[in-house]
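# Coordinate analysis (summary)
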Amino acid sequence: MTDARRLTLTILLGLAALAAMPVDAARAQTRSADAENRRVRVHNQTGWTLTALQAADPRTGVFGPDLLARTPLEAGQSRPLLIDDGAGTCVFTLRASFANGQSRERPGVNVCRIADWYLTR
């Protein structure tokens, strides 16, 4: 195999690996134009694996995509997430779904005013 072919193959394999990686929902979101900080560290203290976290503007009730980007949050773990719908909303209803089929909804969470959100049973 020539050096040029080896280099081309290496580049293509690298691009394929990047394409297979999950997209970080926080980076893929549209950011609001205001200066509010909507980054919240989510703490899973339920004893269950958190498999999805969604946010809905209470005015519409429509839940957005999974903020965990299909990367579960195990019991006892925490992760910073950007909870931003791009429309300047600060207050959301948050829905947490767990591997055991349980789910929890919490209305009225002001992500512009909190730095941490604790999920408990």
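The following paragraphs examine the structure supplied in this document. A quick note: this is a predicted structure, and the numbers were derived from the prediction, not measured.

### Describing the pattern of salt bridges
Under the definition given, this model contains five salt bridges. Across the pair Arg 38 and Asp 34 runs a salt bridge, and its minimum N-O distance is 2.8 Å. Note that Glu 36 and Arg 113 form a salt bridge whose closest N and O atoms lie 3.2 Å from each other. Separated by 77 residues along the polypeptide, Glu 36 in the loop between helix H2 (25–28) and strand E1 (39–44) and Arg 113 in the loop between strand E5 (103–110) and strand E6 (116–119) bring together distant segments of the chain. Exposure remark for Glu 36: the relative accessible area of 29% places this residue in the partly exposed category.

### Thoughts on the nonpolar core
Ranked by internal contacts, the top residues of the largest apolar core, which has 19 residues, are Val 42, Leu 50, Leu 53, Ile 83, Leu 94, Trp 117 and Leu 119. Looking at this core, the elements with two or more residues in it are E1, strand E2 (50–56), strand E4 (91–98) and E6. If you tally residues by element for this core, the top one is E4, at four residues. If we ignore the near neighbours within four places in the chain, the residues touching Val 42 are Leu 50, Leu 53, Leu 73, Gln 77, Ser 78, Arg 79, Leu 81, Trp 117 and Leu 119.

### Things to note about the sheet that holds E4
A sheet is described by the order of its strands in space; here three strands give the open sequence E2-E4-E5, paired in antiparallel fashion. Only two strands of the sheet have a single neighbouring strand rather than two, namely E2 and E5. Averaged over all adjacent pairs, the angle separating strand axes in this sheet is 20 degrees, with direction ignored. As paired elements, E2 and E4 share six bridges and run antiparallel to each other. Each residue of the ladder has a partner; that of Ala 55, found in E4, is Leu 94.

### Focus on the sheet that holds E1
With mixed pairing, three strands are arranged side by side in an open sheet as E3-E1-E6. Bordering the open sheet on either side are strand E3 (78–82) and E6, each of which pairs with just one other strand. The mean angle between the axes of side-by-side strands here comes to 25 degrees, regardless of whether they run parallel or antiparallel. Across four bridges, the pairing between E1 and E6 is parallel. If you follow Val 42 over to E6, its bridge partner there is Trp 117.

Conventions used here
Residues numbered from 1 in each chain as written. Predicted model: local features only at pLDDT ≥ 70, side-chain atom pairs only at ≥ 80, totals over all residues. Heavy atoms only, no water. Salt bridge = Lys/Arg side-chain N within 4 Å of Asp/Glu carboxyl O. Helix = DSSP H or I, 4+ residues; strand = E, 2+ residues; numbered from the N terminus. Buried < 20%, exposed > 50% of the residue type's maximum accessible area, 1.4 Å probe, protein only. Core = buried A, V, L, I, M, F, W, Y, C linked by side-chain atoms within 4.5 Å. Contact = heavy atoms within 4.5 Å. Pairing = 2+ DSSP bridges. Axes fitted to C-alpha atoms, helices over the stretch in contact; angles between N-to-C directions.

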